[in-house]
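If you want the building blocks of each chain, they are given just below.
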Amino acid sequence: MFDEGQCFAPIVEDAHGNVSVQLGSEHPGFADAEYRSRRDRLASLASSWEPGGPCPIADYTAEEDEVWRVVCEALETRHRAYASGVFLEGKEMLHLPVDRVPQLDEVSDLLAPLTGFRYQPAAGLVPLREFYGALADKHFWGTQYIRHHSVPLYTPEPDVLHEVVGHGNTLAHPRYAALYESAGRAARRVESEEALEFVSKVFWFTLEFGVHHEGGELRAYGAGILSSPGEIEEFRGMEIRPLDLIDMGTHDYDITKYQDVLYAGDSFAHVEDVVGAFWDSCDDDSIGKLKETA
Ligand code: NLE
Ligand code: FE2
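Residues numbered from 1 in each chain as written. Chains lettered and ligands numbered in written order. Predicted model: local features only at pLDDT ≥ 70, side-chain atom pairs only at ≥ 80, totals over all residues. Heavy atoms only, no water.

Visitor: Can you break down the overall build of the protein residue by residue, with the values?
Guide: Looking only at helices and strands, the protein has 13 helices and 8 strands in total. A compact globule built from 294 residues would reach a C-alpha radius of gyration of about 19 Å, and the protein, at 18 Å, matches this within 12%. C-alpha atoms of the protein, sized along the principal axes, occupy 50 × 40 × 40 Å. Per-residue burial over the protein gives 56% buried out of 294 residues. A total of about 12000 Å² of accessible surface is found on the protein, and carbon and sulfur atoms cover 51% of it. Looking at charge distribution, the protein has the averaged site of its 24 positive side-chain charges lying 2 Å from that of its 52 negative ones. (Helix = DSSP H or I, 4+ residues; strand = E, 2+ residues; numbered from the N terminus. Rg over C-alpha atoms; globule rule 2.2 N^0.38 Å. Buried < 20%, exposed > 50% of the residue type's maximum accessible area, 1.4 Å probe, protein only. Areas by Shrake-Rupley, 256 points an atom, 1.4 Å probe, with all protein chains shown as cover. Lys, Arg positive; Asp, Glu negative; His and termini not counted. Charge placed at Lys NZ, Arg CZ, Asp CG, Glu CD.)

Visitor: Tell me about the environment of Asp244, residues and numbers included.
Guide: Its location among the elements puts Asp244 in the loop between strand 7 (239-242) and helix 11 (245-250). Asp244 sits 20 residues away from Gly224 along the chain, and the two C-alpha atoms are 19 Å apart. One polar contact links the side chain of Asp244 to the main-chain amide nitrogen of Asp247, over a distance of 2.8 Å. (Polar contact = N/O pair within 3.5 Å; in protein donor to acceptor, adjacent residues only side chain to side chain.)

Visitor: Which residues make up the site of ligand 1, and what values do they have?
Guide: Around ligand 1, the neighbouring residues are Arg147, Tyr154, Thr155, Glu157, Pro158, His162, Trp204, Gly224, Ser227 and Ser228. One of the side-chain N or O atoms of Ser227 is found 2.5 Å from an oxygen atom in ligand 1. Against a free-state accessible area of 300 Å², the protein chains account for coverage of 99% of ligand 1. Residue composition of the shell around ligand 1, grouped by class: 3 nonpolar, 5 polar and 2 charged. (Near = heavy atom within 4 Å. Nonpolar A, V, L, I, M, F, W, Y, C, P; charged D, E, K, R; others polar.)

Visitor: Give me the lowdown on the UniProt feature "binding site: Fe cation" (unreviewed entry) in the protein, citing residues and values where you can.
Guide: In this structure's numbering, the residues bearing the UniProt feature "binding site: Fe cation" (unreviewed entry) are His162, His167 and Glu208. What stands out for the annotated residues spanning 47 residues is how close their C-alpha atoms remain, the widest pair being 10.0 Å apart. His162 gets classed as buried once you look at its relative accessible area, which sits at 7%. Considering the arrangement of structural elements, one finds His167 in helix 6 (residues 160-171). (UniProt positions renumbered as here; feature names shortened; annotations may be inferred.)

Visitor: So what's going on with the pattern of salt bridges? Which residues, and what values?
Guide: Evaluated as defined, the whole model comprises 22 salt bridges. The salt bridge partner of Arg69 is Glu66, with a shortest N-O separation of 3.0 Å. With Arg69 and Glu66 both in helix 2 (residues 62-82), this residue pair falls 3 residues apart, about one helical turn. Note on Glu66: relative accessible area 36%, which makes it partly exposed. One network of salt bridges, in which partners are shared, links Arg38, Asp59 and Glu64. (Salt bridge = Lys/Arg side-chain N within 4 Å of Asp/Glu carboxyl O.)

Visitor: Any details on the sheet that holds strand 7? Residues and values, ideally.
Guide: Sheets are built from strands that pair by backbone hydrogen bonding, the pairs being arranged parallel or antiparallel. Strand order in the open sheet formed by 4 strands is 6-5-8-7, with mixed pairing between adjacent strands. Here the strands that pair on one side only, and so sit at the sheet edges, are strand 6 (217-220) and strand 7. Across the sheet, the axes of successive neighbouring strands diverge by a mean angle of 40 degrees, strand direction being ignored. As defined by bridge partners, strand 5 (residues 211-214) adjoins strand 6 across 4 bridges and the pair is classed as antiparallel. Bridge pairing links Val211 to Ala220 in strand 6. (Pairing = 2+ DSSP bridges. Axes fitted to C-alpha atoms, helices over the stretch in contact; angles between N-to-C directions.)

Visitor: I'd like a rundown of the coordination of the iron ion (ligand 2), residues and numbers included.
Guide: Around the iron ion (ligand 2), the protein contributes the donor atoms His162 (NE2), His167 (NE2), Glu208 (OE) and Glu208 (OE), which lie 2.0 to 2.7 Å from the metal centre. The site at the iron ion (ligand 2) holds 4 donor atoms, and with the angles between them running 53 to 137 degrees, its shape is irregular. Mapping the donors of the iron ion (ligand 2) onto the primary sequence gives the spacing H-x4-H-x40-E. (Donors = N, O, S within 2.8 Å, 3.2 Å for Na, K, Ca; no water. Tetrahedral: all angles 85-135°; square planar, octahedral: opposite > 155°, others 65-115°.)

Visitor: An account of unusual backbone geometry is needed here, citing residue identities and associated values.
Guide: Residues other than glycine seldom take positive phi values, yet His95 does so here, at roughly 55 degrees. Along the chain, the position of His95 falls in the loop between helix 3 (85-94) and helix 4 (104-111). A positive phi angle, near 60 degrees, is found at Lys138, a position not held by glycine. For Lys138, a relative accessible area of 27% corresponds to the partly exposed category.

Visitor: Account for the side chain of Ser200, with residues named and values stated.
Guide: Among the secondary structure elements, Ser200 is positioned in helix 8 (residues 193-208). For Ser200, the residues in contact, after removing those within four places along its chain, are Leu128 and Tyr132. (Contact = heavy atoms within 4.5 Å.)

The following block contains the structure:
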């Protein structure tokens, strides 16, 4: 996913639906003109999509399939070692292809009998309210381009590996799906931009970068850690704070680096109790009160 709050690469779309993006110098594809034009071409596919219609097919190359394969292979053992048990259950149920990049519709069809979530193609930046609001309808905005082959273990922006391996395996599990839907309803309920930002930051520190204790170890349940073979090796060494809504909702983060502050639940159920209940009941007033005590 890619939203305004975390966007460092604003997209420009011309009258023909062709998308181009100014990558930041921290992006591994910054100096690779061929990669940038390929990324723009895959991003432009989203322009031809009509709500409710099929996702455009991306003609992934052998080199792109190879990036997918390398990352999936690197994640296989790391997931078993460091991922939340609930994530591992979702991954087992979804059973994604590991040797080629799947199409978004293919993943949606795998999700259909599990939780009913469906992908919608995103060119890049999706405004916060649209991105999160769609979750209430079980729609997930996903990019189709893939990270630069030179740094497969980490990319500073959401790509199809993050959307599908990170989020897809979570969207497959009814317990995660219920949390995504709660976040979506919260995003639609709140009116002010400040309250929406609070909701999105809680999402960032939970469904994107959340960790929880399990069997005496710290395990990751957030999609941003679970799609990066590099970051998943490092998260246990970061500053681990207790699960705290006010702290999460007001803490600033940098999307382009490994997250150095993480919030740990006592268990996945603890996250469901605290964060799910927050999204199910929050409004502008209650968030305003939380921010006052920050
Ligand atoms: N850093 C993530 C990865 O390498 O998979 C992608 C960005 C998540 C917000
Ligand atoms: Fe994400």
